[in-house]
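Secondary and tertiary structure notes
Listed below are the residues making up each chain.
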Amino acid sequence: MRRRTKFNINPKHLLIACSVLLFLLIILSFLYKEQLSPVKTVFGNVVTPMQNGINSIGKGIAAQFDKFTSLNELRKENAELKEQLDTISHENKILLQDKYELDRFRDLYELDKKYADYPKVGARVIGAGPNNGYNIFTIDKGSRDGIAVDMNVIAGDGLVGIVEEVGKNYATVRSIIDDSRNISGMFLKTSDSCIVNGNLQLYSKGVIGVELISKDAEVYDGYEVVTSHISPKYLQGILIGYVSNIKMDSNNLTKTAYLTPAVDFDRLEEVLIITEVKEKLEK
């Protein structure tokens, strides 16, 4: 078996040979410029397109890299903007909640001034009735806050209802829209008496009932109805609501009507409890 001959070239000798060759080529290019011109042309025709192609590829790769970099930067900026937007949106919701709460407290303050003769305690509604209605609801104040049964409760522009049950730190209120409520009322402008009846089915349309209005009472749509002095439990002069659709009864002796409550029971969050009971005031 033959052994292959190995050629060992000293790198130093190879470097010297390449340097000499390049030096000779430089000299020849100066001495024989015209004779080497065709060679340069051929070389240029071959190399130049390759250089252009390589340059195009390089530019394309650079452009794609720039696009990739820009896309990453845009994604990062988009994520930052989204985070800022979420923060601003959350802060805006908090500000709106604060504004609505401030508006409600302002309304309670105005209501407090309207019935300034009565001492009051403010409370939050913390629980609705069995059907999530406000015919019966719970507040966060009780006996330790001076709340007692039969105290009148107000909100919005007028009467909400009456305290029915009291615990140490809570109380239950039955509102005027409940089916069991019959309130002695009177027309503020004429002093004609009437009875305001709670009616949950009617309240689904935004009204409750009014009956036993005298046939001779000169009352019209929009008149205010307030609590009467003959009511055994409700303090006199608290606004109940506004009448509409007044009609003569079939007996031609009395009239009936609808009443739009002065309180929006679908948006009841804070109330005022008048801390005086009518029976005690009359003793």
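In this report, the structure presented in the accompanying data block is examined. Each residue is numbered by its place in its chain's sequence as written, counting from 1. Since the coordinates come from a predicted model, pLDDT governs what is reported: local features require at least 70, and pairs of side-chain atoms require 80 or more to be given and counted, while whole-chain, interface and lining totals use all residues. Only hydrogens and water are set aside when side-chain values are computed; all heavy atoms of the structure are taken into account.

1. Here's the deal with the overall build of the chain
In this description a helix means any DSSP run of H or I spanning at least four residues, a strand means any run of E spanning at least two, and both kinds are numbered starting from the N terminus. A tally of helices and strands in the chain yields 4 helices and 12 strands. Accessible surface is estimated by sampling points in the Shrake-Rupley manner with a 1.4 Å probe; for residues, cover comes only from the protein chains shown. By element, 56% of the accessible surface of the chain is carried by carbon and sulfur atoms, the whole surface being about 19,300 Å².

2. Digging into the packing of aromatic side chains
Each pair of aromatic rings taken from Phe, Tyr and Trp, with Trp reduced to its six-membered ring, is defined by centres within 6.5 Å and is described as stacked if the planes are under 30 degrees apart, edge-to-face if over 60, and tilted in the remaining cases. Using the criterion set out here, one finds 3 aromatic pairs in the structure. Ring geometry for tyrosine 203 against phenylalanine 265: centres 5.9 Å apart, planes inclined by 85°, an arrangement best described as edge-to-face. Highlighted residues: tyrosine 203 in helix α3 (residues 200-203) and phenylalanine 265 in the loop between β11 (254-261) and β12 (270-274), separated in sequence by 62 residues. Exposure class is identical for tyrosine 203 and phenylalanine 265. Each is buried. Remark: exposure states derive from per-residue accessible area (1.4 Å probe, protein chains only) relative to the maximum for the residue type, with buried under 20%, exposed over 50%, and partly exposed in between.

3. Let's talk about the pattern of salt bridges
For salt bridges, the criterion is a side-chain nitrogen of Lys or Arg within 4 Å of an Asp or Glu carboxyl oxygen. Summed over the entire model, instances satisfying the criterion amount to 7 salt bridges. With its nearest N and O atoms 2.8 Å apart, the salt bridge here joins aspartate 112 to lysine 120. A salt bridge links aspartate 150 to lysine 233, with the shortest nitrogen-to-oxygen separation between them at 3.6 Å. Of this pair, aspartate 150 sits in the loop between β2 (136-139) and β3 (152-155) while lysine 233 sits in the loop between β9 (224-227) and β10 (239-248), placing them 83 residues apart in sequence. Judged by its relative accessible area of 16%, aspartate 150 falls in the buried class. Connected through salt bridges with shared partners, the residues Glu164, Arg174 and Asp178 form a single ionic network.

4. Comments concerning a negative patch on the surface
The patches described consist of residues with a relative accessible area above 30% and no salt bridge, like charges being joined within 9 Å and nonpolar side chains (Val, Leu, Ile, Met, Phe, Trp, Tyr) within 5 Å. When charges are counted, Lys and Arg contribute as positive and Asp and Glu as negative, whereas His and the chain ends are disregarded. A single reference atom marks each charge: NZ on Lys, CZ on Arg, CG on Asp, CD on Glu. A cluster of like negative charges, contributed by Glu73, Glu77, Glu80, Glu83 and Asp86, occupies part of the molecular surface. In this fold, aspartate 86 is placed in helix α2 (residues 37-114).

5. Some details on the nonpolar core
The nonpolar core is taken to be a set of buried Ala, Val, Leu, Ile, Met, Phe, Trp, Tyr and Cys residues, with the residues joined through side-chain atoms within 4.5 Å. Residues Phe265, Leu268, Val271 and Ile273 are the most contacted members of the largest nonpolar core, which totals 54 residues. These domain limits were set by an automatic method or by a database of domain assignments. Looking at this core, you find at least three residues from each of domain 1 (46-116) and domain 2 (120-274). When checking whether two residues touch, look at their non-hydrogen atoms; a contact exists if any pair is within 4.5 Å. Those residues in contact with leucine 268 that lie beyond four places of it in its chain are Val125, Tyr134, Phe137, Ala155, Val160 and Val263.

6. Re the side chain of threonine 227
Its location among the elements puts threonine 227 in strand β9. According to the relative accessible area criterion, threonine 227 is buried, its value standing at 0%. For threonine 227, the side chain forms a polar contact with the main-chain nitrogen of isoleucine 238, separated by 2.9 Å. Leaving out residues up to four positions away in the same chain, threonine 227 has contacts with Leu159, Ile183, Ser184, Gly185, Met186, Tyr234, Leu235, Gln236, Gly237, Ile238 and Ile240. Whenever a nitrogen or oxygen atom comes within 3.5 Å of another N or O atom, the pair is scored as a polar contact, on the condition that within protein one atom can donate a hydrogen and the other can accept it, and that pairs from neighbouring residues in sequence are kept only if both atoms are in side chains.

7. Describing the environment of asparagine 182
With respect to the element layout, asparagine 182 can be found in strand β6 (residues 182-187). The exposure class assigned to asparagine 182 is exposed, which follows from its relative accessible area of 53%. Sequence spacing of asparagine 182 and valine 196 is 14 residues, and the spatial spacing of their C-alpha atoms is 5.6 Å. Residues contacting asparagine 182, with those up to four places away along its chain left out, are Ile195, Val196 and Asn197.

8. Observations concerning the pairing of strand β4 (residues 158-166)
Pairing between strands is defined by DSSP: at least two bridges between the two strands are required. Bridging between β3 and β4 involves 4 bridges; their strand directions are antiparallel. Along β4, the bridge assignment pairs isoleucine 154 with leucine 159. In this antiparallel pair of consecutive strands, β3 and β4, the connection spans 2 residues, and glycine 156 shows a positive phi of 55°. Looking at chain direction, β4 and strand β5 (residues 171-175) are connected through 5 bridges and run antiparallel. Residue pairing in the sheet places glycine 161 in a bridge with serine 175 of β5. Between the antiparallel neighbours β4 and β5 lie 4 residues.

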